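# Structural characterization, general
One-letter residues, chain by chain:
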Amino acid sequence: MTRVALIAHDEKKADLIEFARTHETQLRAYDLIATGTTGQRLIDETGLEIERKESGPLGGDLMIGSEVAEGILDGVVFLRDPLRAQPHEPDISALLRICDVHDTALATNLASAEFLIEGLAE
């Protein structure tokens, strides 16, 4: 089964929830994981089944990165807020880097997230 991570910074959580609602049928076909707060909001507001990791600042980004490194994650949707510094920026950079190292599909904005979800559906 296709496994996809859903992550969003605070200012982008509403966008990710709307994205999940729009693509709910497709996302239900996937094994979904998310960082803590984002995952809980997605569960509460969309009803999707999501395995929650720790929140990003508590290691959730690194937990998802480890799944990329293990080869068990097919794609990552990470809606980042490019206008705010994040206290766990080194963890974020590590996740982005490990996606590049392992050639794992990574979307960091809504436009690329659309392509990722459509591409995984094929």
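Since the model is a prediction, treat every value here as computed from it, not as a measurement.

Pairing within the open sheet is parallel, and its 5 strands lie in the order β3-β2-β1-β4-β5. Unpaired on one side and paired on the other, β3 (50–52) and β5 (105–107) mark the two borders of the sheet. Here the strands of the sheet are splayed against their neighbours by 20° on average, with no regard to which way each runs. Pairing of strand β4 (residues 75–79) with β5, which is carried by 3 bridges, proceeds in the parallel orientation. Within β5, the residue paired with G75 across the bridge is A105. Sitting on the sheet, helix α3 (residues 36–46) is in contact with β1 (3–8), β2 (31–34) and β3, with an inclination near 150° to β3.

What follows covers the nonpolar core. Among the nonpolar cores identified, the biggest contains 20 residues, and L6, L16, L27, L32, L42 and V77 are the most heavily contacted of them. Mapped onto this core, the elements with two or more residues apiece are β1, α1 (13–22), β2, β4 and α6 (110–121). Element by element, the count of residues in this core is highest for α1, at 4 residues. Each residue touching V77, except ones within four places of it in the same chain, is listed here: A5, L6, I7, L16, A107, A113 and L116. Judged by nonpolar contacts, the second largest core, of 13 residues, contains I64, V68, I98 and C99.

Take the pairing of β4 next. Most of β4 sits out of view: 5 of its 5 residues are buried. Of the strand pairs in this sheet, β1 and β4 are connected by 5 bridges, and their pairing is parallel. Its bridge partner lying in β4, A8 is registered against L79. In this region the chain leaves β4, passes through helix α5 (residues 89–101) and returns to the parallel neighbour β5; the handedness of that crossover is right-handed.

Glancing now at the UniProt feature "binding site: substrate" (unreviewed entry) in the protein. Mapped onto the present numbering, the UniProt feature "binding site: substrate" (unreviewed entry) falls on H9, K13, T35, G36, T37, T38, S55, G56 and H88. Lining the largest pocket, from this annotated set, are H9, K13, T35, G36, T37, T38, S55, G56 and H88. With relative accessibility at 4%, the residue G36 sits in the buried group. Residues in contact with G36, not counting those within four places in the same chain, are R52, K53, E54 and S55. For T37, a relative accessible area of 42% corresponds to the partly exposed category. Beyond its immediate chain neighbours, meaning those up to four positions away, T37 contacts K13 and S55.

Scoring rules and cut-offs
Residues numbered from 1 in each chain as written. Predicted model: local features only at pLDDT ≥ 70, side-chain atom pairs only at ≥ 80, totals over all residues. Heavy atoms only, no water. Pairing = 2+ DSSP bridges. Helix = DSSP H or I, 4+ residues; strand = E, 2+ residues; numbered from the N terminus. Axes fitted to C-alpha atoms, helices over the stretch in contact; angles between N-to-C directions. Contact = heavy atoms within 4.5 Å. Core = buried A, V, L, I, M, F, W, Y, C linked by side-chain atoms within 4.5 Å. Buried < 20%, exposed > 50% of the residue type's maximum accessible area, 1.4 Å probe, protein only. Right-handed = clockwise from strand over helix to strand, strands pointing away. UniProt positions renumbered as here; feature names shortened; annotations may be inferred. 1 Å grid on protein atoms, 1.4 Å probe; cavity = no way out; pocket = protein on both sides within 12 Å on 5 of 7 lines; lining within 4 Å.

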